[in-house]
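Remarks on the overall topology
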Amino acid sequence: LAVRGTEGLYMVNGPPHFTESAAFQRDSGKNCKAVAFSKDGSLFAWCNGEKVNVVNVTSAEFLRSFDLPKAVCLGFSPKNNILATWQAYTTAKDGSAGVPNLQLHDVKTGKCLKSFIQKKMQNWCPCWADDESICARNVNNEVHFFENNNFNTIANKLHLQKVNDFVLSPGVQPTKVAVYVPGSKGAPSFVRLYQYPNFGGPQSALANKSFFKADKVTMLWNKKATAVLVIASTEVDKTGASYYGEQTLHYIATNGESAVVQLPKNGPIYDVVWNPNSMEFCAVYGFMPAKATVFNLKCDPVFDFGTGPRNAAFYSPHGHILVLAGFGNLRGQMEVWDVKNYKLISKPVASDSTYFAWCPDGEHIVTATCAPRLRVSNGFKIWHYTGALLHSYEVPENEEMWQVSWQPSLDGVFPAKAIKYQAVPGELPSAEPKPAQAYRPPALRNKPVTSSKLHEDEPPQNMKPQPGSGDKPLSKTALKNQRKHEAKKAAKQEAKADANQEPPQSSASQNAPRAAAPVATSGDPEVDKKIKNLKKKLKAIEQLKEQAAAGKRLEKNQ
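Figured I'd write up the structure that's included with this text. (Residues numbered from 1 in each chain as written. Predicted model: local features only at pLDDT ≥ 70, side-chain atom pairs only at ≥ 80, totals over all residues. Heavy atoms only, no water.)

Thoughts on the overall build of the chain
Along the backbone of the chain there are three helices and 36 strands. For the chain, the residues scored as buried account for 40% of the 558 residues in total. Sequence-distant contacts in the chain: of pairs separated by 6 or more residues, those separated by 24 or more amount to 42%. (Helix = DSSP H or I, 4+ residues; strand = E, 2+ residues; numbered from the N terminus. Buried < 20%, exposed > 50% of the residue type's maximum accessible area, 1.4 Å probe, protein only. Contact = heavy atoms within 4.5 Å.)

And the structure:
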């Protein structure tokens, strides 16, 4: 793990040792503004307020330094060929244009390949395809594409009226691009998917989804690049139900299918994550206590985790474990679930956490309390997913910790292991905070406690259609209709039973008009009316069937 704070920048060995790593010389300066690992975890860059330095962590050798004291953002390209650095944009005193503040350096030679002017810090870093065949950045509402790290010629442009944001698909070629164009003057916002480099007319898009309620969107590709989830949110909730605006969740597939994901509980959408297997996703949503549900690619619910104090979800790198957690203004309760069998593995509590991350091995988790989000009791804890606390570090008084991050590794480095339910032996007793006792007035102190809950927690339930039942879990309306149908059936059977008990009547009365026959009434005139109308319709249908059988040609509406 790399740890950055007022104690400087240093690295800690991961499980099982947790000692300071010898592969990295501690930088004791208090000005370390930014750090970045390469995608495979072999290179590490940091800026200490004087220079940007790059080291190879695996071989523990110092590679090179760049004279960029003001850099505040760093990033490596996926194959470690390029280091991108960004510093705040400044204009000269006389108002003339400032110097380019986004630099792309060749990691091997140290040469600066290209500089750009990039005013905003948001989305400052260019995006690369995983094989670095293309690189893209958003410039004045259009996306510019460069090929094979040649930044002197723009190989392609994606020009739509006002591209606000874009995301490249992960994985192998061909690369796909999801772009978001905000709505204006009554026109809806939309997200479109393209396959590089087919950016021709409107027909060239793979898929398109438009929606009205969106001030900003988050676009999430799945790992196989077959679909995108779009969380569209407005700044203000017109109904006044929430301070946090309104969110909707949309699903868009590269084959052109799209849908709005129907969430059964009202309220904000706190988090949405794809399972790394790309076949399902988990959403955490609804007013507290929030619901969490796993959906498949048809956007049907597969498993519902019920309600609980949670606002975040994290799949393990192999996709076999899901952690639901409540951080921020919640108490830090975590639920660790086995995704395949939907069984609860453990419920550790990491109170005051501001950060959570899975270790690439799929077994360990780090939770941290970092400044400036929280200024006191900064530090980090390392857990095993079975709930055992393996290591805990708290910074000394008056010191702060700003960032903790695992050294990443590529897929396949750590094989997936079978899930354990038995807690592994922890070094430390898991410090469970004592549940605070509710205040009880003196008059009630010696009396039995009566529990009064504000709301009943919903239990988890499997939404997969059970074998032998229908194909799909029924929607609310379908259930309603089903109930009505069953009630009618019962009423009919009762009526039949009543009719059978009548004494056989004379043939004369049988020829009398039907109305004279005793009608089973339900006691509710509305219902009786409906039953009468339905009987009428059924009779008409019978007649039509007889006519059709007799060879008469029926009209279309018949």
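Some remarks on the pattern of salt bridges
Evaluated as defined, the whole model comprises eight salt bridges. Here Lys291 makes a salt bridge to Asp304, at a shortest N to O gap of 3.0 Å. Note that Lys291 is positioned in strand β25 (residues 290–296) and Asp304 in strand β26 (residues 301–308), a separation of 13 residues in sequence. Judged by its relative accessible area of 5%, Lys291 is buried. For Asp304, a relative accessible area of 4% gives the class buried. It is possible to trace a salt-bridge network through shared partners that takes in Lys291, Asp304 and Glu458. (Salt bridge = Lys/Arg side-chain N within 4 Å of Asp/Glu carboxyl O.)

Some details on empty space enclosed by the protein
The full count for this structure, using the stated rule, is one cavity of 30 Å³ or more. Considering only enclosed or pocket space, the largest cavity measures out at about 30 Å³ in volume. Of all the secondary structure elements, the ones that give two or more residues to the lining of the largest cavity are β1 (2–5) and β2 (8–11). For the lining of the largest cavity, the element with the highest residue contribution is β1, accounting for three residues. In terms of residue class, the lining of the largest cavity is made up of four nonpolar, three polar and three charged. (1 Å grid on protein atoms, 1.4 Å probe; cavity = no way out; pocket = protein on both sides within 12 Å on 5 of 7 lines; lining within 4 Å. Points joined across faces, edges and corners; volume = space filled by probe spheres on them. Nonpolar A, V, L, I, M, F, W, Y, C, P; charged D, E, K, R; others polar.)

What about a nonpolar patch on the surface?
Residues Leu410, Val413 and Phe414 make up a contiguous nonpolar surface patch of about 260 Å² in total accessible area. Along the chain, Val413 falls in the loop between β35 (401–405) and β36 (461–462). (Patch = residues over 30% accessible without salt bridge, like charges linked within 9 Å, V, L, I, M, F, W, Y side chains within 5 Å. Areas by Shrake-Rupley, 256 points an atom, 1.4 Å probe, with all protein chains shown as cover.)

Overview of unusual backbone geometry
In this model, Tyr196 is joined to Pro197 through a cis peptide bond whose omega is 0°. With respect to the helices, strands and loops of the structure, Pro197 is situated in the loop between β17 (189–195) and β18 (207–211). A cis geometry characterises the amide bond from Ala371 onward to Pro372, with omega recorded as 5°. Mapped onto the elements of the fold, Pro372 is located in the loop between β32 (364–369) and β33 (379–384). Of note, Asn123 is a non-glycine position whose phi angle comes to about 50°, a positive value.

Quick notes on a positive patch on the surface
On the surface, a cluster of positive charge is made up of Lys484, Lys488, Lys492, Lys530 and Lys535. In terms of residue count, the dominant contributor to the positive patch is helix α1 (residues 476–501) (three residues). Note that Lys492 resides in helix α1. (Lys, Arg positive; Asp, Glu negative; His and termini not counted. Charge placed at Lys NZ, Arg CZ, Asp CG, Glu CD.)

Observations regarding the side chain of Arg137
Its place among the elements puts Arg137 in strand β12 (residues 134–139). Salt bridges are absent for the buried Arg137, whose nearest opposite-charge side chain, Glu142, sits at 10 Å. In this structure Arg137 touches Leu102, Phe116, Ile117, Gln118, Pro126, Glu142, Val143, His144, Phe146 and Phe166, once residues within four positions along its chain are discounted.

Observations concerning the side chain of Asn80
Relative to the helices and strands, Asn80 resides in the loop between β7 (73–76) and β8 (82–86). In terms of polar contacts, Asn80 uses its side chain to reach the side chain of Ser42, at 3.3 Å. What Asn80 contacts, discounting residues up to four positions off in sequence, is Ser38, Lys39, Asp40, Ser42, Leu43, Val107, Lys108 and Glu132. (Polar contact = N/O pair within 3.5 Å; in protein donor to acceptor, adjacent residues only side chain to side chain.)

Observations concerning the sheet that holds strand β11 (residues 127–128)
An order of β11-β12-β13-β14 is seen for the four strands of this open sheet, with the pairing classed as antiparallel. Strands at the two margins of the open sheet, each flanked by one partner only, are β11 and β14 (156–159). (Pairing = 2+ DSSP bridges.)

Regarding the packing of aromatic side chains
Here the structure, examined in full by the defined rule, presents 20 aromatic pairs. Each residue in the set Phe24, Phe37, Phe44 and Trp46 is aromatic and connected to the rest through ring pairs, giving one cluster. Between Lys343 and the ring centre of Tyr421, over which it is positioned, the NZ or CZ distance is 4.9 Å. (Phe/Tyr/Trp six-rings, centres within 6.5 Å; stacked < 30°, edge-to-face > 60°. Lys NZ or Arg CZ within 6 Å of the ring centre and 35° of its normal.)

So, the pairing of strand β21 (residues 247–253)
Of all seven residues in β21, six are buried; the element is thus mostly enclosed. In this structure, strand β20 (residues 227–233) lies alongside β21, joined through seven bridges in antiparallel fashion. The partner of Val230 across the bridge, within β21, is His250. With three bridges joining them, β21 and strand β22 (residues 258–260) adopt antiparallel strand pairing. Considered in β22, the bridge of Ile252 is made with Ser258. Hairpin connection from β21 to β22: four residues lie between these consecutive antiparallel strands, with Gly256 at a positive phi of about 100°.

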